[in-house]
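Listed below, chain by chain, are the residues.
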Amino acid sequence: MIAWLSELWTGGTAVIEPASLRDAPGLAELHGASFHRGWGEAEFETMLSERNTLVHRLRMGRKTIGFAVSRMAADEAEILSIAVAASHRGRGLSRDLLLTHLGHLAGRGVSKVFLEVEENNQPARRLYERAGFTVSGRRERYYQQPGGEQLNALLMRRDLS
Ligand SMILES: CC(C)(COP(=O)(O)OP(=O)(O)OC[C@H]1O[C@@H](n2cnc3c(N)ncnc32)[C@H](O)[C@@H]1OP(=O)(O)O)[C@@H](O)C(=O)NCCC(=O)NCCS
């Protein structure tokens, strides 16, 4: 497909940029659609106001189609959440989002990044492994599903240089 037609079809080129307070409704909507326990608009407003929290959004046209959130403490950071809208998954967009986010963390002086991922979440595990994260621990029955099922968590880590 020629480029302009492809962009029209997909909604345009994806842009990664720092999120601002006015993005809170769109971020909450996307988070709610991506996770069992969604974060509300007020939670995003709080995080977007905190100096130690970094939030990037993935935007296509005027629509937020992804985000990455992490919290920093001294030279460490934890990735709290990352998601891409279901309609835009499978195109490698999360990789650009994560790598850009990591680049900004490095720019803020972060040298160690941690995260937790559900053991069976293959797209997320693959994303993190391809971005240089390695498994550093495992927590049995860490996540409680709405139906009562308990799932294991893997702890992952990547050093930034
Ligand atoms: C995890 C998530 C952000 C990935 O976004 P995405 O843009 O669709 O990611 P990609 O298309 O780049 O796929 C990531 C990798 O997973 C692989 N993958 C996708 N679906 C898969 C599946 N069902 N089984 C195994 N691998 C899969 C892709 O092939 C790709 O690997 P590759 O780079 O080696 O080809 C997205 O699936 C999402 O938002 N999930 C819901 C929220 C979530 O679980 N977030 C992570 C919390 S820790």
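Residues numbered from 1 in each chain as written. Predicted model: local features only at pLDDT ≥ 70, side-chain atom pairs only at ≥ 80, totals over all residues. Heavy atoms only, no water.

A. Broad picture of unusual backbone geometry. One non-glycine residue, Ala 74, adopts positive backbone phi at about 50 degrees. Relative to the helices and strands, Ala 74 resides in the loop between strand S3 (63–73) and strand S4 (76–84). On the basis of relative accessible area, Ala 74 is assigned to the exposed category, the value being 74%. Backbone geometry places Arg 141, a non-glycine residue, at a positive phi of 45 degrees. You can see Arg 141 is positioned in strand S6 (residues 134–144). (Helix = DSSP H or I, 4+ residues; strand = E, 2+ residues; numbered from the N terminus. Buried < 20%, exposed > 50% of the residue type's maximum accessible area, 1.4 Å probe, protein only.)

B. Representation of the packing of aromatic side chains within the structure. Scanning the entire structure with this criterion turns up 4 aromatic pairs. Aromatic side chains Phe 44 and Phe 67 sit 5.9 Å apart centroid to centroid with 75 degrees between the ring planes, which places their arrangement in the edge-to-face category. With Phe 44 in helix H3 (residues 41–49) and Phe 67 in strand S3, this pair connects stretches of sequence that are 23 residues apart. As far as the burial class goes, Phe 44 and Phe 67 line up, both buried. (Phe/Tyr/Trp six-rings, centres within 6.5 Å; stacked < 30°, edge-to-face > 60°.)

C. Representation of the pairing of S6. Here 7 bridges tie S6 to strand S7 (residues 150–159), and the two strands are oriented antiparallel to one another. Across the sheet, the residue bridging to Val 135 is Met 156, located in S7. The hairpin turn running from S6 into S7, its antiparallel successor, is 5 residues long, and Gly 148 in that turn takes a positive phi close to 100 degrees. (Pairing = 2+ DSSP bridges.)

D. Broad picture of helix H2 (residues 24–34). For H2, the complete set of buried residues consists of Ala 24, Leu 27, Ala 28, Leu 30 and His 31. The buried side chains of H2 occupy one side of the element, clustering within an arc of 165 degrees when seen end-on. Of the residues in H2, the exposed ones pointing more than 90 degrees away from the buried face are Glu 29 and Ala 33. Tucked inside the fold, the buried residues of H2 contact H3, strand S2 (53–60), S3 and S4. (Arc of directions from axis to C-beta. Contact = heavy atoms within 4.5 Å.)

E. Structural view of the pattern of salt bridges. Tallied over the full model, the rule gives 11 salt bridges. We note a salt bridge from Arg 138 to Glu 119, for which the minimum N-O separation is 2.6 Å. Here Arg 138 is found in strand S6, whereas its partner Glu 119 is found in the loop between strand S5 (112–118) and helix H5 (122–130), with 19 residues between them in sequence. With relative accessibility at 42%, the residue Arg 138 sits in the partly exposed group. Here Arg 138 makes a salt bridge to Glu 140, at a shortest N to O gap of 2.4 Å. Shared partners join several salt bridges into a network, and the residues in it are Glu 17, Asp 23, Arg 57 and Arg 59. (Salt bridge = Lys/Arg side-chain N within 4 Å of Asp/Glu carboxyl O.)

F. Inspection of the confidence of the model for the protein chain at higher detail. Per-residue pLDDT for the protein chain has a mean of 93; in total, 93% of the residues score no lower than 70. Every residue in residues 1–6 is under pLDDT 50, and counting partners more than four places away or in other chains gives 2 contacts. (pLDDT = per-residue confidence, 0-100.)

G. Representation of the layout of surface pockets within the structure. Considered as a void within the structure, the largest pocket measures approximately 1,400 Å³ in volume. Ser 34, Phe 35, Ile 82, Asn 121 and Ala 124 are, among the 39 residues lining the largest pocket, the residues nearest its centre. For the lining of the largest pocket, the secondary structure elements donating two or more residues are H2, H3, S4, helix H4 (93–107), S5, H5 and S6. Broken down by element, the lining of the largest pocket gets its largest block of residues, 7 residues, from S4. (1 Å grid on protein atoms, 1.4 Å probe; cavity = no way out; pocket = protein on both sides within 12 Å on 5 of 7 lines; lining within 4 Å. Points joined across faces, edges and corners; volume = space filled by probe spheres on them.)

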